[in-house]
Amino acid sequence: MSDTKNWNRRDVMKAGAAFAAAGAAPMFFTKDAWAAKDFMNNPSNSSTVTLGFNVPQTGAYADEGADELRAFKLAVKHLNGEGDGGMMNTMKPSMLKGNGILGKKVAYVTGDTQTKSDAARASAKRMIEKDGVIMFSGGSSSGVAIAVQGLAQEMGVVFMAGLTHSNDTTGKDKRRYGFRHFFNAKMSGSALGPVLKERMGTDRNAYHLTADYTWGWTQEQSIKETTEGLGWNTAKAVKTPVGAGDFSQYITPILNSGADTLILNHYGKDMINSLTQAVQFGLRDKQVNGKDFQIIVPLYSRLMAQGAGENLKGILGTTNWNWALTDNGSQAFVKSFGSEYGFPPSQAAHTCYVQTLLYANACEMAGTFYPPEVIKQLEGFNFDGMGNGKTEYRAADHQCFKDVLVVEGNQNPSSQFDLLKIVKEVPRSQVEYDASIFGGDLGPYEV
Amino acid sequence: MNFTKTRSDLTVMLIFSIAVLTMPIWLAPIGAGYPDLLQKFAIFGIFAIGYNILFGLTGYLSFGHAAFLGIGSYTAVWSFKLLTMNVLPAIFFAVLMAGLFAALIGFVSLRRSGIYFSILTLAFAQMSYNLAYSVLTPITNGETGLQLTLQDARIFDGPAGEGLPSTELFGISMSGYSGFYFCAVVLIIAFFLSLKIFRSPFGMKLQAIKSNQTRMKYTGFNTRPYLMTAFIISGMYAGLAGGLMAVTDPLAGAERMQWTASGEVVLMTILGGVGTLFGPLLGVGIIKYFENIFSAVNEAALHNFFSFLPGFLENLMVTIITPFVGEGWHLTLGVLFMVIVIFLPGGIMEGLDRIKKRYKTEGASEQTGDKE
């Protein structure tokens, strides 16, 4: 602790300043204590503006987190006018100039969510209270995304969600200060439906293994709705803990359940483990009810495909984006990501990169960092050239609507990254739904 | 312990209170002077002080204290959901509920001692965790965590305005610095109670249990009631800490009850010094500082820090240090823990005592020198 005897003048001055700051601070955190246009972490006269990137660096989703962080760093580079500019050149409409955001150089801080709500909120609070971030982003778990989105609303700092696929994020738990570019379970279900019907018919008996949290629950529900709509029966739905590691105790019962289709509502390392084990148990070689046993992974990512290897061949799923897309935006992004890191980006990287640019662009359009104005610019924003075709940020629930990709594990990959084959690009009109079906309330602009 | 014996309790309390309340000032230079971390210091301080009453005084190593922390959090959030956003009922019920569960778990676990006691408490905590995580999802909302919603009853607060309400103490918002000062005051009270327990005949009996329980039984003491009381008190401390966590951030997740969380408080106590008054607090400070500050240091920050060195040296230093910061903070903590357990079995407090002794003997020899 401090030694009071040896204080020199500078220390006393510092302490005095800190005292004054500590004294004034409660006023900062009290509503309406300051003039109307002042807000949390206003960068006013500072020459830089800080963004926070809060991703899982440890735990079941660490691979996705690492790739998200790469994308964030790349986005910051491009915003500051370094590198080749990536999707800044293809984004339409765009007001980004490559001189930071509103002329302020972009700096960033990082944090580890540990895929835990508590840790993620602590890390986000550090970014907001200590590092003074004006916006924070990240994700890879919907539970975490929903937890920090609530925090974003409380603190009045915009949260641009990274990879989160639960319906709840922009459904019953939506918030005015939270935005999601990524697609969701409902859209996965709508996109998969026709392909499943075509490939597997209308008479199947499905068994679900579901990650036991908000994302797993809503995905199970959405996929069930779709498959039962096709006429499939649901044999059983079993919830498994996140990060279980060993799924054999959940897989053995499937063999005797009479099910002929396994739907894995798992993600990240969980999905790699459960799929690998399901294949090792010989599920895919089985014949049930006179049909080949099939496995479906509704939410796919290339990082998972890399982990699961051979086992993934021919397995169907959906994805938000794939590096093999040939539009200008995707190609520009793959090129600059590839030249920076030496391999193509994942869908998690893509969505995080896009979110960062979208936020920066909204600030430019609003001409201010004042969150309510920035939010109003993002709401209902129509854009193109970001890899998913024409996209809209729906104002009613802050969900982006765009085409969804149905993919399958590539039978003959030409490289270690060419693992997913695009089966179908499902147009946006087929995956749209009414914003009111999930309930929820965005809450106020001013907090 | 020398430190506390030589000064009166009043002075100790005074110094402690000043040190706690001025934390925003003296922690600012090392980057820890922001509300959320300060709140965590105070809250986990309470948790560790309470844990130390059981582990430090009686020597009973509980591996399941996180269960009480979680129970406190869930109770507090439910109080916010059903009753009112005022924090006092939330804290009251959190402590009460944790106390009840402690009585229940203690009643069973305290039939055994040593490693069997540890395993029993671990089993109970893991059961609580799994209940919260999946079985009791309607009450705990599973892995997503229990949060406030606009539809909550809040029968004493009347109709909700626009947006979610925040926790308050008669109108004072409990987030930011005001939340910290509230936790700090509770920490000071909790510390005072712990000091009184350490000094009381009851505390003496607990220490007697630690040194030789069999001998104590031969002298005619029934040790069970004392153990039970110590266990319940430390459970209530944990509940209080859990309640405060919900007060500063109205959300409760099952991971608060996981065995790693129980292990954390054991680490904190051992790191600082088991059975000492201040040790657990030092342990809390170090672990929480590592978790929040070290984990956020990235390569860019390191380059910035070493930028005064010539290019190749800078890169070398960054390469050496990178594995130990950021996501590698666990590694640093592990190394530190090993070093302390091997060289200072009594924790940091032992280290401080040794330094003090050396200083004293040097001072003494100087004095004799002056006289000549």
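For clarity, every value in this text was computed on a predicted model and none was experimentally measured.

1. A few points about the overall build of chain B
In terms of helices and strands, chain B carries 17 helices and four strands. Here chain B has a C-alpha radius of gyration of 22 Å; the compact-globule value for 372 residues is 21 Å, and the two agree. With the C-alpha coordinates of chain B rotated into their principal frame, the extents come out at 80 × 70 × 35 Å. Considering chain B as a whole, with its 372 residues, one finds that 53% of them fall into the buried category. As displayed, chain B has an accessible area near 16,800 Å², and 70% of this comes from carbon and sulfur atoms.

2. Remarks on the overall build of chain A
Looking only at helices and strands, chain A has 13 helices and 17 strands in total. What you see for chain A is a C-alpha radius of gyration of 23 Å, in line with the 22 Å of a compact globule of 447 residues. Counting all 447 residues of chain A, 60% fall into the buried class. Looking at chain A alone, contacts between residues at least 24 apart form 73% of all its contacts between residues at least 6 apart. Accessible surface for chain A amounts to roughly 15,700 Å². Of this, 49% is attributable to carbon and sulfur atoms. Between the averaged position of the 44 positive side-chain charges in chain A and that of its 45 negative side-chain charges there is a distance of 3 Å.

3. So, the interface of chain B and chain A
The interface of chain B with chain A comprises 41 residues on the first partner and 35 residues on the second. Interface area for chain B against chain A, summed over the two sides, is near 3,500 Å², with a carbon-plus-sulfur share of 56%. In this assembly, chain B and chain A are joined by three salt bridges. Close ionic contact of Asp118(A) with Arg256(B) constitutes a salt bridge, the shortest N to O distance being 2.5 Å. On inspection of chain B and its partner chain A, the count reaches six residue pairs in polar contact (both at pLDDT 80 or more). Every element with two or more residues in the side of chain B that touches chain A is listed here: helix H3 (23-26), helix H4 (35-58), helix H7 (114-135), helix H9 (176-199), helix H11 (224-248) and helix H13 (279-292) of chain B.

4. Examining the side chain of Ser301(A)
All names here are of chain A. Along the polypeptide, Ser301 turns up in the loop between strand S11 (294-299) and helix H9 (302-308). Polar contacts involving the side chain of Ser301 include one to the side chain of Glu64, which spans 3.3 Å. Within the local environment of Ser301, its side chain forms a polar contact with the backbone nitrogen of Leu303, the two atoms lying 3.2 Å apart. Apart from residues lying up to four places away in sequence, Ser301 is in contact with Glu64, Tyr267, Gln347 and Leu420.

5. Examining the state of the cysteines
By definition, a disulfide links two cysteine residues through a covalent bond between their sulfur atoms. All names here are of chain A. Under the definition given, this model contains zero disulfides over all chains. Of all cysteine sulfurs, the one in Cys400 lies closest to Cys363, which takes part in no disulfide; the gap is 16 Å. Cysteine Cys400 remains unbridged, with the sulfur of Cys352 as its closest cysteine sulfur at 13 Å.

6. Brief notes about the packing of aromatic side chains
Applying the stated criterion across every chain yields a total of 31 aromatic pairs over all chains. On the basis of an interplanar angle of 90° and a centroid distance of 5.4 Å, the ring pair of Phe179(A) and Tyr393(A) is categorised as edge-to-face. Here the residue Phe179(A) occupies a position in strand S5 (residues 178-180), and Tyr393(A) occupies one in strand S14 (residues 391-393), the gap between them amounting to 214 residues. One exposure class covers both Phe179(A) and Tyr393(A), and it is buried. Summarising the aromatic geometry, the rings of Tyr60(B) and Phe117(B) are spaced 5.0 Å apart at their centres and angled 75° between planes, so their arrangement reads as edge-to-face. With Tyr60(B) in the loop between H4 and helix H5 (66-82) and Phe117(B) in helix H7, the pair connects residues that are 57 residues apart, well separated along the chain. Residue Tyr60(B) shares its accessibility class with Phe117(B), and that shared class is buried. Joined through ring pairs, the aromatic side chains of Trp321(A), Phe333(A), Phe337(A), Tyr341(A), Phe343(A) and Tyr353(A) make up one cluster. The ring of Tyr445(A) carries the charged tip of Lys376(A) above its face, separated from the ring centre by 4.9 Å.

7. Some points on the pairing of S11(A)
Residue and element names in this part refer to chain A. Burial runs high along S11: five of the six residues are buried. Both strand S8 (residues 261-265) and S11 contribute to a ladder of three bridges, which runs parallel. Bridging from a neighbouring strand, Thr261 pairs with Gln294 of S11. Both S11 and strand S12 (residues 316-319) contribute to a ladder of two bridges, which runs parallel. When the sheet's bridge partners are listed, Ile296 is paired in S12 with Leu316. Running through H9, the crossover from S11 to the neighbouring parallel element S12 is right-handed.

8. Digging into the environment of Ala259(A)
All names here are of chain A. Looking at where Ala259 falls in the secondary structure, it is placed in the loop between helix H7 (248-255) and S8. Residue classification places Ala259 among the buried positions, given a relative accessible area of 2%. A C-alpha to C-alpha distance of 8.2 Å links Ala259 and Phe293, two positions 34 residues apart in sequence. Not counting residues within four places of it along the chain, the set of residues in contact with Ala259 comprises Asn205, Ala206, Tyr207, Ala235, Val288 and Phe293.

9. Topic: the domain arrangement of chain A
All names here are of chain A. Examined at the domain level, chain A breaks down into domain 1 (48-183 + 323-402) and domain 2 (186-319). Averaged C-alpha coordinates put domain 1 and domain 2 at centres separated by 29 Å. In this assembly, 26 residues from domain 1 lie in contact with 23 residues from domain 2. Roughly 2,000 Å² of surface becomes buried between domain 1 and domain 2 when both sides are summed, with 57% attributable to carbon and sulfur atoms. It is Tyr61, His165 and Phe183 in domain 1 that bury the most area against domain 2; as a group they hold 29% of the surface buried on that side.

10. Quick look at the packing of helix H10 (residues 201-218) of chain B against H11(B)
All names here are of chain B. Where H10 meets H11, the axes come as close as 10 Å, and the angle between the chain directions of the two elements is 110°. Accordingly, the angle class assigned to the pair H10 and H11 is roughly perpendicular. Of the two elements, H10 crosses H11, and the hand of that crossing is left-handed. Within the contact between the two elements, H10 uses Phe202, Lys205, Leu206, Ile209 and Gln213 and H11 uses Tyr226, Leu227, Thr229, Ala230 and Ile233. Within the contact of H10 with H11, the residues separate by chemical class into seven nonpolar, two polar and one charged.

11. Concerning the sheet that holds S14(A)
Residues and elements named next belong to chain A. Spatially, S13-S14-S15 is the arrangement adopted by the three strands of the open sheet, whose pairing is antiparallel. The open sheet has two edge strands, strand S13 (382-383) and strand S15 (400-401), and neither has a second partner. In terms of strand pairing, S14 meets S15 through two bridges, oriented antiparallel. In the strand pairing of S15, Glu392 is matched with Phe401.

12. Points about H11(B)
Its 25 residues place the ends of H11(B) 36 Å apart at the C-alpha level, agreeing with the 36 Å of an ideal helix rising 1.5 Å per residue. By the criterion of burial, H11(B) is predominantly enclosed, with 19 of the 25 residues buried.

13. As for helix H2 (residues 62-79) of chain A
Residues and elements named next belong to chain A. If you check H2, its first and last C-alpha atoms are 26 Å apart, about what 18 residues at 1.5 Å a residue would give, namely 26 Å. Most of H2 sits out of view: 13 of its 18 residues are buried. Among the residues trailing H2, Gly81 stands out with phi positive, at a value near 85°.

14. Describing empty space enclosed by the protein
This model, assessed by the stated rule, comprises seven cavities of 30 Å³ or more. Around the largest cavity sit Gly111(A), Asp112(A), Gln114(A), Ala119(A), Ala122(A), Ser123(A), Arg126(A), Glu291(B), Asn292(B), Ser295(B), Ala296(B) and Trp329(B), which together line it. Where the lining of the largest cavity is concerned, the elements lending two or more residues are strand S2 (105-112) and helix H3 (117-129) of chain A together with H13 of chain B. The leading source of residues in the lining of the largest cavity is H3(A), at four residues. When its residues are assigned to classes, the lining of the largest cavity shows four nonpolar, five polar and three charged.

Rules used in this analysis
Residues numbered from 1 in each chain as written. Chains lettered and ligands numbered in written order. Predicted model: local features only at pLDDT ≥ 70, side-chain atom pairs only at ≥ 80, totals over all residues. Heavy atoms only, no water. Helix = DSSP H or I, 4+ residues; strand = E, 2+ residues; numbered from the N terminus. Rg over C-alpha atoms; globule rule 2.2 N^0.38 Å. Buried < 20%, exposed > 50% of the residue type's maximum accessible area, 1.4 Å probe, protein only. Areas by Shrake-Rupley, 256 points an atom, 1.4 Å probe, with all protein chains shown as cover. Contact = heavy atoms within 4.5 Å. Lys, Arg positive; Asp, Glu negative; His and termini not counted. Charge placed at Lys NZ, Arg CZ, Asp CG, Glu CD. Buried area = accessible area lost by both parts, 1.4 Å probe. Salt bridge = Lys/Arg side-chain N within 4 Å of Asp/Glu carboxyl O. Polar contact = N/O pair within 3.5 Å; in protein donor to acceptor, adjacent residues only side chain to side chain. Disulfide = S-S within 2.5 Å. Phe/Tyr/Trp six-rings, centres within 6.5 Å; stacked < 30°, edge-to-face > 60°. Lys NZ or Arg CZ within 6 Å of the ring centre and 35° of its normal. Pairing = 2+ DSSP bridges. Right-handed = clockwise from strand over helix to strand, strands pointing away. Domains from an automatic or database assignment. Axes fitted to C-alpha atoms, helices over the stretch in contact; angles between N-to-C directions. Parallel < 35°, antiparallel > 145°, perpendicular 65-115°, else oblique. Left-handed = near helix turned anticlockwise from the far one by under 90°. Nonpolar A, V, L, I, M, F, W, Y, C, P; charged D, E, K, R; others polar. Expected span 1.5 Å × (residues − 1). 1 Å grid on protein atoms, 1.4 Å probe; cavity = no way out; pocket = protein on both sides within 12 Å on 5 of 7 lines; lining within 4 Å. Points joined across faces, edges and corners; volume = space filled by probe spheres on them.

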